[in-house]
Structure formats: structure tokens, C-alpha cells
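Listed below are the residues making up each chain.
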Amino acid sequence: MAFRADESVRNGFESIKNYLIPRDIEQNERVRSENKLLDLIDKYGPVVEGYPSWHPLVTNHDDECPVRFPSDLCGYKGLDHTKFLLNAFITCPYGDGQEIIDSVEALPYSSVATITAVRLDVQFYSSHANPILIYCNWNNLPVGDNMIPASLAIPLMLQKEVPCYEWATRGETWETMRPYFMGSPHGSRSSLFVNQETALTMKKVWNLLINTGMFGPIKVSNQ
């Protein structure tokens, strides 16, 4: 099935709205929550299912396997009832959430982006939850464009993947690595994170890498 970005954006909004806008609060509060959600999506991008493994929101880890979802592996403590936007995520703990804020403030410095946590003054998920926004402020992302350009995506991909040559025993194909490099949802040539031109360039670069044999023999589906 072809990847339809507009359809994915609409479906993502309906999904996050149904999940985060609580039904146990008064109508005026529901309106405030929905308006806030729309504002956040407008500022930080559409709802996504998973990040590229090179995205600053998920790269703070020492695990050899690629990580696509914010968790304690990436340095975040206390996440609960979490939904993702392109350049931010919303988490809704029942406690005061200070553990989350402290863990974000403890993340190491990055020259690529700054990760910040702030409390939200609306009700998300439950009237008893205390929602927190964790957002990524890119240092060099073009203004007004949520798409991540090749000038950022490719060096970040290489930064995460090239060191793997030290322990890898197989070279994974582009088809296997697409969700890790383009995020989800995605199609064969683009996603909500990268456009077709960037994705095709990433594919060319990746194929050049695996064809050097630096990761070992290229893995095929029946191996």
C-alpha cells in the first residue's frame, strides 16, 4: 500500500485525540485540551508512531541495538501514557512528574539539538494525570519546515551506524533498516520525518556502506 502522508497525519490526530483527551472532565476543559493539542501539533509536527534511530529524542543511549521509542534506555525516567509527535512527545504520569523533568535536565549536551521538558496546564489522558511535554529544539532545522533535511539526517544516521562495524556480523539491507532510518509511519521512499529526496539519498549512502562489507556479509531474508 502506498504511503499517504495526509492520511497518516489525519489518522494520527484522531488516535492521539482519542487517547489524550479525557472523557471524565467538563466540556470547557475538553475544549482547552483539544486546542492545546492542536497548538502542540502545529509547533512540533504531526503524530508519529516511532522515531528514526538517529533522532535526538532517542539517541542518548549506549545500547548496541537501535532505539526508536523514548524510554529509560534514552535517559528518561518515569514516562507513562506517552504519545509521540515529530519533534516532541507528551507523557502523562499520575505523580508530579518531577523525575521526568530532572532526567531531561540531566541529559548530556548535544550540538545538534536541545531537549527540554515543561509541564502542561491542561488535562491529558486523565483528570488525575500531570502531563509533561518533552520537545526537541533543533539548532539548524530550516524555519517553518518540520521535514528533517539530508544535511542533518545523513550525518546523524552515520554517527549512529558507522561505529557498529566493530561488532556487527551482518550488513542489514535498506528494506530492513527503513523504519530505523525514516521513522514510522513510512513508505518505501518517504515518511513524516524525511522527504523522498532525503530518503533516496539515505538509501544510496546505506547501500554504499553495506556493500563495502564493513558490517559483514549482507543479510538476506532466509538467513
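Model, not experiment: these values are computed from the prediction.

Asks: Any chance you could explain helix 2 (residues 27-44) here in plain terms?
Replies: An α-helix turns once per 3.6 residues; consequently, residues spaced three or four apart project the same way. Along its 18 residues, helix 2 runs 26 Å from first to last C-alpha, staying within 8% of the 26 Å computed at 1.5 Å per residue. For helix 2, the set of buried residues is Arg30, Ser33, Leu37, Leu40, Ile41 and Tyr44. Buried residues of helix 2, viewed axially, fall in a sector of 100°; they line one side. Away from its buried face by more than 90 degrees, helix 2 exposes Gln27, Asp39, Asp42 and Lys43. In the stretch just after helix 2, Gly45 is the one whose phi turns positive, near 100°.

Asks: Explanation requested: helix 3 (residues 98-105) in the structure shown.
Replies: Among the residues of helix 3, Ile100, Ile101, Ser103 and Val104 are the ones counted as buried. When helix 3 is viewed along its axis, its buried side chains cluster within an angular range of 165° and face the same direction. Looking at helix 3, the residues exposed on the side facing more than 90 degrees away from the buried face are Glu99 and Glu105. Buried-residue contacts for helix 3 involve strand 3 (88-91), strand 4 (113-119) and strand 5 (132-138).

Asks: I keep staring at the packing of aromatic side chains and nothing clicks. Help me out?
Replies: Geometry of an aromatic ring pair is reported as the spacing of the ring centres plus the angle between the planes. One pass over the full model with this rule turns up 10 aromatic pairs. On the numbers, 5.5 Å between centres and 55° between planes, the contact of Tyr51 with Phe84 is tilted. Placement of the pair is Tyr51 in the loop between strand 1 (47-48) and strand 2 (82-85) and Phe84 in strand 2, with a sequence separation of 33 residues. Classification of Phe84 by relative accessible area gives buried; the value is 13%. Between the aromatic rings of Phe181 and Trp206, the centroid separation amounts to 5.0 Å while the plane-to-plane angle is 70°, which identifies the pairing as edge-to-face. Taken together, the positions of Phe181 in helix 5 (residues 174-182) and Trp206 in helix 6 (residues 196-211) put the pair 25 residues apart, joining distant regions of the chain. Across the pair, exposure class does not vary: Phe181 and Trp206 are buried alike.

Asks: What exactly am I supposed to notice about the packing of helix 5 against helix 6 here?
Replies: The description of two packed helices rests on the angle between their axes and on the distance between the axes. Packing of helix 5 against helix 6 brings their axes to within 11 Å, and their N-to-C directions diverge by 130°. As summarised for this structure, helix 5 and helix 6 are arranged oblique, according to the angle between their axes. Every pair of crossing elements has a handedness; the one defined by helix 5 and helix 6 is right-handed. When helix 5 is examined against helix 6, the residues Trp174, Glu175, Met177, Phe181 and Met182 are found in contact with a partner set consisting of Ala199, Met202, Lys203, Trp206 and Asn207.

What counts, and at which threshold
- Within every chain, residues take consecutive numbers counted from 1 along the sequence as written.
- Predicted model: local features are reported for residues with pLDDT of at least 70 only, side-chain atom pairs are reported and counted for 80 or more only, and whole-chain, interface and lining totals are derived from all residues.
- Note that water and hydrogens are dropped before the side-chain values are worked out from all heavy atoms of the structure.
- Runs of H or I in DSSP of at least four residues are treated as helices and runs of E of at least two as strands, each being numbered from the N terminus.
- In this analysis, the expected span of each helix is defined as 1.5 Å times one less than the number of residues it contains.
- The cut-offs for exposure are 20% and 50% of the maximum accessible area for each residue type, with area from a 1.4 Å probe on protein chains only; residues under the lower value are buried, those over the upper are exposed, and the others partly exposed.
- Think of the arc as the fan of directions from the helix axis to the C-beta atoms.
- Should any heavy atoms of two residues lie within 4.5 Å, those residues are considered in contact.
- Pairing of aromatic side chains requires ring centres within 6.5 Å, counting the rings of Phe and Tyr and the six-membered ring of Trp. Pairs whose planes differ by under 30 degrees are stacked, by over 60 edge-to-face, and all others tilted.
- Think of each axis as a best-fit line through the C-alpha atoms, taken over the contacting stretch in the case of a helix, with angles from 0 to 180 degrees between the N-to-C directions.
- An angle counts as roughly parallel when it lies under 35 degrees, as roughly antiparallel when it exceeds 145, as roughly perpendicular when it falls between 65 and 115, and as oblique in every other case.
- We call a crossing left-handed when the near helix sits turned anticlockwise from the far one by less than a right angle, and right-handed when that turn is clockwise.

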